[in-house]
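Remarks on the overall topology
What follows is each chain in one-letter form.
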Amino acid sequence: MQARTELVDQTREVMASIFGMDESDLPDDVSQKTCSRWDSLHHMTLLLALEDQFGTSFSMDEMPEMTSLPKIVSVLEQHGVA
Amino acid sequence: MKLWQEANSLTVGVVRVNASVIDWIRELVGEQAAASGTLAEAVMVDSEMRGELALLAGKTLLNRGSLEQAAELLAEAGKHLVDPARKAELAGQLLALAKAWTKRQDVTDRSTREEKALRGAAEASSVQALPALAQYFQRHKRLPEAIEQWREAIRLGPQEANHYLNLGRVYEQSGQPQEALAVYLDLMEVAPTARNYLVVAQRLDGLASALPEARPDQTVKIALLGSGTLDHLQSYLKVECYRAGLRPRMYQCGFDQYMQDILNPQSELYAFAPDGVICAVHASRLFPRIHHYPFDMPVEERRADMEEGLGTVQTLLDTLTQRSSALVLLHNMVAPQHPALGIQDWRDELGQTEMFAQINARLAEMVRTRYKNVYLVDEDRVQARAGKARATDPRLWLTARMGWSDAVLPGLAREYLRYLKPYKALSRKCIVVDLDRTLWGGVVGEDGMGGIQLGPDAPGNAFVAFQRELERLWRRGVLLAISTKNNEEDVLPVFEQHPNMVLKLSHFAARRINWDSKAANICDIARELNIGLDSLVFLDDNPVERAEVRAKVPQVLTVELPTDPAYYRDALLELDVFDTLALTEEDRRRNQLYAEQKARRDFEAAQETSFGSLEAYLAELQIAIEIDLANDQTLPRIAQLTNKTNQFNLTTRRYTEAQIGEMQAGGAQVYGARVTDRFGDNGLVGVAIVMPQTETSGTWDIDTLLLSCRVMGRGVETALLAFLADQARQSGIDRLRGWYLPTAKNSPVKDCYQRHGFSMVERRLDGAELWELVLSERAVAAPSWLVVRTPPALVA
């Protein structure tokens, strides 16, 4: 549980940096639908930044699916990032 | 005390239920406990033990939710614990305590308690707890304290990217955008990772409007045109511009809209009026069939397709260069990694690899012979250096049409800067080197000339290779200078006698062989060579010397030389700070020029006493100045001078060859002045550009008046102004006008117009001054000590 919270926070931190927003404006369930800055370009940028930060690589199938903070975190967990 | 006893009994209670903890405490307490028989008594006499128990008790109380008591016990533990591992554990507990306080809505002074816990944690383990403390200050808008803590956190953990990003954010919040920028750039030095490029690019966007307006010579407008998604390339380029000291403004064409942007005269591209245009069009767009399956085509068709693609490029460049005088950086084509016919490719007549080689050769030829302002960016080589297998990522191409991976983007962005830096006069001109352990292995003062490492075998051959590379730069026009803590009598014989020295004393334009501070010596060298500190690069194996120079003269580029001399040469090759846009005759001859300059100085020193006046001395120099209109041979040098001259430059306007060409077409007269003296030819060192004033007839505006610093103080400017006055009079012009636009560097010419009898007619708030000379009222005469020659055609 501790690890998951930390992963959520780290992901949120990268998100805030890439979207140019405050972390406090990104709730736990933030998604592409609820966040206007989360356009397709920011989406790619975010995924590349996360790949670099966590030393992993998302597949072409995963990339378009990672459209909310919980979905991103669950993919990261599947990749063994903790 | 009551609490303390309570804690002791509590701890004993806890340890009773956990046999392994009891063993652990026994081990720590040892004989003493055994002798006294009770745990508590042992605790009273051993401070470290007291700390251990307080920590254990505090932890238990914290888990139970008795925060106040836990705080007291953990504070007690902090007074006693010494062991780093225990202190780290204590810090962890205090951090947990701080977090627990934030959730206690019922406690009114919870934030004071949180701060106290965090401060205690930071005291127990700074590395662990400083970020939390800094964040606490940040959250409570206590920005100066947050800055202080983040700076300390960075000092302790210089590799932690998030510390920099947080510190930068706090600086932004506290209205210090320049400090924020400096922190982001520090981060890029420490950790130039993909994430940091992308995040910092984002931060820089937010920062741009808050930063004070940049000087014109520090700004650059860049347009990115191409056939794929260019956003990430733009992010990387933006970061690299800031790292090079430039403030970029960027334009990017719509997806795959490069053709429309160039061909439509009303396009946003032209409205943006770029200084630089980057054309990154993929081979599959320009040469689609050749790129996919050329083996289906007869040879004639392959040729026809090549010509067609090259024709398209030429049309685009013709149009672009007619409508814009910007510097154009055209990507060459990257040959496919896997030739279409496999190993048969080279046996096939005009196979795919061969076609790409020919296309690239033809592009280079086109750019060289047809355009003054177009340069070829060798993307094929940039990708090869990054590793072609990693340079592209099919996922990014297939999902987002991104043509480059993060493995190649930094290299590509830096490659553009190699053109933009000389364009903005940011190239370095001189390398100052140390000697011992830098030019050769060992210490000559101790090991003797025979004992230093320098020769055909390792490790001496690393130093030979390094010297060869320095010599190669010297041949390209880069100046070399020595700064070493040594005795001349130890060092000079190495240059004169050592058989494997590549560099001789004659390669060095200046040398400081003494025991003074290197920073002072470097400033001295810059003065002697009459170049700015920001033109210097410093190479020294000694980190202490490097730190001193970096701290005292940050304008100098101090290179982190690798510890292994085997990599010295690579470090030099990687610098990419010496590029010029044109290799002029003056570049090739620069070293000779400086040798002559040295002879002049020696002459000056020798004659100082024997000449009655400065004029007599100048007359003895036998200065001759030759002034002529710009032509194809002199134009590159004239453009180069407008871009690199800082001190003697009245207006510091930077022009490309194409822009000067446009000005000529608009009626401007562009003059170059060549200066010779008894010691040799200084080359083309002066430029004057005059424009007939359109509003007031009978007036010429002096758009540009500049001199290379190497001929300052000899009356050359007077001769130039006298010449301009002459030309004006012959054309029926009565008035010469010129601006003095102050910069950080051109104060030497502040009184130039005044000295020549001009009077000031306007002064703006920014210090710009407009000066005017009425020719019928005042004359300018060339100094008596120099001879002025002009081609007959110019003398009416």
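So, here's what we can say about the structure. (Residues numbered from 1 in each chain as written. Chains lettered and ligands numbered in written order. Predicted model: local features only at pLDDT ≥ 70, side-chain atom pairs only at ≥ 80, totals over all residues. Heavy atoms only, no water.)

Quick word on the overall build of chain B
The secondary structure content of chain B amounts to 35 helices and 18 strands. The principal-axis extents of the C-alpha atoms in chain B amount to approximately 115 × 80 × 65 Å. Contacts spanning at least 24 positions in sequence make up 67% of the contacts within chain B whose residues lie at least 6 apart. Total accessible area on chain B is roughly 35,900 Å²; 50% of this is exposed by carbon and sulfur atoms. (Helix = DSSP H or I, 4+ residues; strand = E, 2+ residues; numbered from the N terminus. Contact = heavy atoms within 4.5 Å. Areas by Shrake-Rupley, 256 points an atom, 1.4 Å probe, with all protein chains shown as cover.)

Considerations on the overall build of chain A
A count of helical and extended segments in chain A gives three helices and zero strands. The helix and strand sequence of chain A, counted from the amino end, reads α-α-α. Each principal axis of the C-alpha atoms in chain A carries an extent, and together these give about 30 × 30 × 20 Å. By the burial criterion, 49% of the 82 residues in chain A qualify as buried. Considering only intrachain contacts with a sequence separation of at least 6, the fraction spanning at least 24 residues in chain A is 48%. In the structure as shown, chain A presents an accessible area of about 4,100 Å², 48% of it carried by carbon and sulfur atoms. (Buried < 20%, exposed > 50% of the residue type's maximum accessible area, 1.4 Å probe, protein only.)

Side note on the packing of helix α6 (residues 84-102) of chain B against helix α7 (residues 110-124) of chain B
Residues and elements named next belong to chain B. Relative orientation of the contacting elements α6 and α7 amounts to 165 degrees, with a least axis distance of 8 Å. Relative to α7, α6 is oriented roughly antiparallel. Considering how the two elements wind past one another, α6 and α7 form a crossing that is left-handed. Touching K87, L90, A91, L94, L95, L97, A98, W101 and T102 of α6 are R110, R113, E114, A117, L118, G120, A121 and A124, all from α7. Its residues placed into classes, the contact of α6 with α7 shows eleven nonpolar, two polar and four charged. (Axes fitted to C-alpha atoms, helices over the stretch in contact; angles between N-to-C directions. Parallel < 35°, antiparallel > 145°, perpendicular 65-115°, else oblique. Left-handed = near helix turned anticlockwise from the far one by under 90°. Nonpolar A, V, L, I, M, F, W, Y, C, P; charged D, E, K, R; others polar.)

What to know about the side chain of B:T229
Note on placement: B:T229 falls in the loop between β1 (219-226) and α13 (231-243). When sequence neighbours within four positions are dropped, the list of residues in contact with B:T229 reads B:F255, B:A400, B:R401 and B:M402.

A few points about the pairing of strand β3 (residues 276-280) of chain B
All names here are of chain B. Extensive coverage of β3 is indicated by the burial of five of its five residues. Side-chain alternation along β3 places G276, I278 and A280 on one buried face and V277 and C279 on a second face that is also buried. As paired elements, β1 and β3 share five bridges and run parallel to each other. Across the sheet, the residue bridging to I222 is G276, located in β3. In this sheet, strand β4 (residues 327-331) lies alongside β3 in parallel orientation, the contact comprising four bridges. The partner of G276 across the bridge, within β4, is L327. (Pairing = 2+ DSSP bridges.)

Comments concerning the packing of aromatic side chains
Residue and element names in this part refer to chain B. One pass over the structure, following the stated rule, counts eleven aromatic pairs over all chains. Judged by centre distance (5.7 Å) and plane angle (85 degrees), the ring pair of F495 and F508 falls under edge-to-face. Taken as a pair, F495 in helix α26 (residues 488-497) and F508 in strand β8 (residues 508-514) lie far apart in primary sequence, 13 residues in all. Like F495, the residue F508 is buried in the burial classification. Ring geometry for Y671 and F723: centres 5.0 Å apart, planes at 85 degrees, overall edge-to-face. Here Y671 is found in strand β12 (residues 669-677), whereas its partner F723 is found in helix α34 (residues 716-730), with 52 residues between them in sequence. Across this residue pair, the class does not change: Y671 and F723 are buried. Among the aromatic residues, those joined into a cluster by ring pairs are W440, F495 and F508. The ring of F272 carries K221 above its face, with NZ or CZ at 5.5 Å from the centroid. A cation over an aromatic ring shows up here: R764 above the ring of W739, its NZ or CZ 4.9 Å from the ring centre. (Phe/Tyr/Trp six-rings, centres within 6.5 Å; stacked < 30°, edge-to-face > 60°. Lys NZ or Arg CZ within 6 Å of the ring centre and 35° of its normal.)

Topic: α26(B)
All names here are of chain B. Among the residues of α26, V491, L492, V494 and F495 are the ones counted as buried. Each buried residue of α26 lies within a common arc of 150 degrees when the element is viewed along its axis, so the set occupies one face. Residues of α26 that are exposed and angled more than 90 degrees away from the buried face: E489, E496 and Q497. At its buried positions, α26 is contacted by α24 (444-447), β7 (479-485) and β8. (Arc of directions from axis to C-beta.)

Brief notes about the pairing of strand β5 (residues 374-377) of chain B
Residue and element names in this part refer to chain B. With four bridges connecting them, β4 and β5 associate as parallel partners. Looking at the pairing, H331 lines up with V377 of β5. A crossover connection joins β4 to the parallel β5 through helix α19 (residues 352-370); in handedness this β-α-β unit is right-handed. (Right-handed = clockwise from strand over helix to strand, strands pointing away.)

Comments concerning the sheet that holds strand β14 (residues 699-707) of chain B
All names here are of chain B. With mixed pairing, the eight strands of this open sheet are ordered in space as β16-β17-β15-β14-β13-β12-β11-β18. The open sheet has two edge strands, β16 (759-763) and β18 (787-789), and neither has a second partner. Across the sheet, the axes of successive neighbouring strands diverge by a mean angle of 25 degrees, strand direction being ignored. Pairing geometry for β14 and strand β15 (residues 735-740), over four bridges, is parallel. Of the residues in β15, the one forming a bridge with D701 is R737. Its contacts with the sheet place helix α32 (residues 635-644) against β12, β13 (680-692) and β14, and it is angled at close to 80 degrees to β13.

Details of unusual backbone geometry
Residues and elements named next belong to chain B. Each neighbour pair has its own omega, and for A458 with P459 the value is 0 degrees, a cis peptide bond. Here the phi dihedral of L350 falls at roughly 50 degrees; this positive angle occurs in a residue that is not glycine. For L350, the location among the structural elements is in the loop between β4 and α19.

Regarding the interface of chain A and chain B
On the side of chain B, 17 residues touch chain A, which itself brings 21 residues to the contact. In total, about 1,600 Å² of surface goes out of reach between chain A and chain B, with carbon and sulfur atoms giving 59% of it. Residue A:E51 pairs with B:R395 through a salt bridge whose shortest N-O separation is 2.5 Å. Secondary structure elements with two or more residues in the side of chain A that touches chain B: α1 (2-19) and α2 (40-54) of chain A. When residues in the side of chain A that touches chain B are grouped by element, the largest group, nine residues, is from α2(A). A per-class count over the side of chain A that touches chain B returns eleven nonpolar, six polar and four charged. (Buried area = accessible area lost by both parts, 1.4 Å probe. Salt bridge = Lys/Arg side-chain N within 4 Å of Asp/Glu carboxyl O.)

Digging into a nonpolar patch on the surface
All names here are of chain B. Together, Y293, F295 and L341 make up a nonpolar patch on the protein surface, roughly 280 Å² of accessible area in all. Tracing the backbone shows Y293 in the loop between α17 (288-292) and α18 (299-323). Judged by its relative accessible area of 48%, Y293 falls in the partly exposed class. (Patch = residues over 30% accessible without salt bridge, like charges linked within 9 Å, V, L, I, M, F, W, Y side chains within 5 Å.)

Observations regarding the environment of B:K372
All names here are of chain B. One can find K372 in the loop between α19 and β5. For the pair formed by K372 and T321, sequence separation is 51 residues and the distance between their alpha carbons is 9.0 Å. Apart from the residues within four sequence positions on either side, K372 is in contact with D632, L635 and E657.

Here we look at the sheet that holds β1(B)
All names here are of chain B. The strand order across the open sheet built from five strands is β2-β1-β3-β4-β5, with neighbouring strands paired in parallel fashion. Both outer strands of the open sheet, β2 (247-252) and β5, are each paired with one neighbouring strand and no more. Averaged over all adjacent pairs, the angle separating strand axes in this sheet is 20 degrees, with direction ignored. Two strands pair when backbone bridges link them, and β1 and β2 are joined in this way by six bridges, in the parallel orientation. Across the sheet, T219 pairs through a bridge with R247, a residue of β2.

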